[in-house]
Amino acid sequence: MGKNKLKKFAQNEQFEHVLQPAFSEIFQKDFRLKGCWNEEFGNDNPIVLELACGKGEYTVGQARLFPEKNFIGIDIKGARLFTGALQAKEEGLKNVRFLRTKIDLITSFFATDEVDEIWITFADPQMKRPRKRLTSDLFLERYVQFMKAGGTLNLKSDSTELYEYTRDESVPEYNQRKAPYHFETLFDTDQLYETGIKELDETMQQVLNIRTFYEQMWLEEGKKIKYIRYELQHQS
Ligand SMILES: C[S@@+](CC[C@H](N)C(=O)[O-])C[C@H]1O[C@@H](n2cnc3c(N)ncnc32)[C@H](O)[C@@H]1O
């Protein structure tokens, strides 16, 4: 492993806002902060997750825009999330945490009704393993366990396959099988920067103008960015 990576890992260990639980702390058991994230942040503000956060551009970028919300960036790669963690520390952002873990174990981390918003930013399309996609029914099932009614699920992606799979297969099938839980589409565009963004209010435009590391690469290759926003509805 490169020296640079080792240095980042060592610095992550020193950061109080980077949580790196051992597998034994979370496998088939609840992480110590499950149900206690608001206490961890020291307020009752809404909790927003960025899944597959990489360097955490949406975590840090939204934390700057919305000091009245709490943001948790989640990724398995410590050297990547170090970048966002360092930025948050340097800027004194108190409403940011990073969690280094596999998203597959996410239900060990959050309790019923604990999370207000989820952002999935440029996740791997997992072309050969559809169930591993972060919007597969397996993952939707997990998110519903801790999302509030009225909470939102946001997918921003360069991948036509992941976008169409989510829009046309996994979410409609989930909705059909899982009533009364229902993901209602609030916004949907396959050409965010060309047309979609103009239909959004100023605040959402600011949020969607945050560009991630991978997004920047795809934009330079001329790819179109897709964005869907769902609201989770519980009809009892
Ligand atoms: C293509 S990168 C996107 C990173 C960042 N959001 C961006 O746009 O620059 C996908 C990220 O997802 C993370 N990832 C993929 N599957 C994961 C999983 N099951 N659990 C945790 N992280 C995962 C990878 O480590 C990687 O950083």
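Scroll up for the structure.
As the structure is a prediction and not an experimental result, all values here were calculated from the model.

Visitor: Please clarify how the overall build of the chain should be interpreted in this entry.
Guide: Counting its regular elements, the chain contains 9 helices and 8 strands. Relative to the 2.2 N^0.38 estimate, which gives 18 Å for 236 residues, the radius of gyration of the chain is 17 Å and therefore close to what a compact globule would have. Each of the three principal axes of the chain carries a C-alpha extent, and together these read 45 × 45 × 35 Å. Residue burial in the chain is summarised as follows: out of 236 residues, 36% are buried.

Visitor: Just checking my understanding: could you explain the pairing of strand β4 (residues 96-100) for this structure?
Guide: On a regular strand, one side chain projects to one face of the sheet and the next to the other, so that they alternate. Across the 5 residues that make up β4, a large majority, 5, are buried. Sheet analysis places strand β1 (residues 18-19) next to β4, joined by 2 bridges and oriented parallel. From the neighbouring strand, valine 18 faces β4, where its bridge partner is phenylalanine 98. Handedness of the crossover is the feature at issue here: the chain leaves strand β3 (residues 70-75), passes through helix α5 (residues 78-90), returns alongside β4, and the resulting connection is right-handed.

Visitor: Teacher, can you tell me more about the sheet that holds β1 here?
Guide: Sheets are built from strands that pair by backbone hydrogen bonding, the pairs being arranged parallel or antiparallel. The strand order β1-β4-β3-β2-β5-β6-β8-β7 describes an open sheet built from 8 strands, whose pairing is mixed. Edge strands, defined here as strands with exactly one partner in the open sheet, are β1 and β7 (181-189). Sitting on the sheet, helix α7 (residues 160-178) touches β6 (147-157), β7 and β8 (226-234), and the angle it makes with β7 is about 155 degrees.

Visitor: What exactly am I supposed to notice about unusual backbone geometry here?
Guide: Among all residues save glycine, negative phi is the norm, and among peptide bonds the norm is trans. At glutamine 28, a residue that is not glycine, the phi angle is positive and equals roughly 55 degrees. Looking at the secondary structure, you find glutamine 28 in the loop between α2 (23-26) and α3 (37-41). A positive phi is found at glutamine 126, a non-glycine position, where the angle reads about 45 degrees. Among the structural elements, glutamine 126 can be located in the loop between β5 (115-121) and α6 (137-144).

Visitor: What exactly am I supposed to notice about the site of the ligand here?
Guide: In the region of the ligand, 19 residues are neighbours, and Ala52, Gly54, Phe122, Thr212 and Tyr214 sit closest. Sorting elements by how many residues they give to the shell around the ligand places helix α9 (residues 213-220) first, with 3 residues.

Visitor: Would you take a moment to explain the packing of helix α4 (residues 57-65) against α5 for this structure?
Guide: Between two packed helices, both the angle of their axes relative to each other and the distance between the axes serve to describe the pair. The interhelical angle for the contact between α4 and α5, taken along N-to-C directions, is 20 degrees, at an axis separation of 9 Å. It follows that α4 is roughly parallel to α5 by the angle criterion. Relative to α5, α4 is oriented so that their crossing is right-handed. Mapping the contact onto sequence places Thr59, Val60 and Ala63 in α4 and Gly84, Gln87 and Ala88 in α5. Of the residues that constitute the contact of α4 with α5, the class distribution is 3 nonpolar, 3 polar and no charged.

Visitor: I'm lost on the nonpolar core in this one. Help?
Guide: One finds Leu49, Leu51, Ala52, Ile118 and Ile120 to be the most contacted residues of the largest nonpolar core, which totals 51 residues. Sequence-distant contacts of leucine 51, that is, excluding residues within four places in its chain, are made with Ile74, Ile103, Ile118, Trp119, Ile120, Ala123 and Leu134.

Visitor: When you look at the environment of glycine 61 in this model, what are you seeing that I'm missing?
Guide: Inspection of the secondary structure puts glycine 61 in helix α4. Accessibility expressed as a C-beta count within 10 Å gives 20 for glycine 61, which makes it buried. Measuring from C-alpha to C-alpha, the distance between glycine 61 and isoleucine 210 comes to 6.6 Å, with 149 residues separating the pair along the chain.

Visitor: How do you make sense of the environment of threonine 212 when you look at a structure like this?
Guide: As for its placement among the helices and strands, threonine 212 is situated in the loop between α8 (202-208) and α9. Judged by the 20 C-beta atoms lying within 10 Å of it, threonine 212 falls in the buried class. Distance from threonine 212 to cysteine 53, taken between C-alpha atoms, is 8.9 Å for residues 159 residues apart in sequence. Not counting residues within four places of it along the chain, the set of residues in contact with threonine 212 comprises Gly54, Glu57, Tyr58, Thr121 and Phe122.

What counts and what doesn't
- Residues numbered from 1 in each chain as written.
- Predicted model: local features only at pLDDT ≥ 70, side-chain atom pairs only at ≥ 80, totals over all residues.
- Helix = DSSP H or I, 4+ residues; strand = E, 2+ residues; numbered from the N terminus.
- Rg over C-alpha atoms; globule rule 2.2 N^0.38 Å.
- Buried ≥ 20, exposed ≤ 12 C-beta atoms within 10 Å, placed from the backbone.
- Pairing = 2+ DSSP bridges.
- Right-handed = clockwise from strand over helix to strand, strands pointing away.
- Contact = placed C-beta atoms within 7 Å.
- Axes fitted to C-alpha atoms, helices over the stretch in contact; angles between N-to-C directions.
- Near = placed C-beta within 6 Å.
- Parallel < 35°, antiparallel > 145°, perpendicular 65-115°, else oblique.
- Left-handed = near helix turned anticlockwise from the far one by under 90°.
- Nonpolar A, V, L, I, M, F, W, Y, C, P; charged D, E, K, R; others polar.
- Core = buried A, V, L, I, M, F, W, Y, C linked by C-beta atoms within 7 Å.

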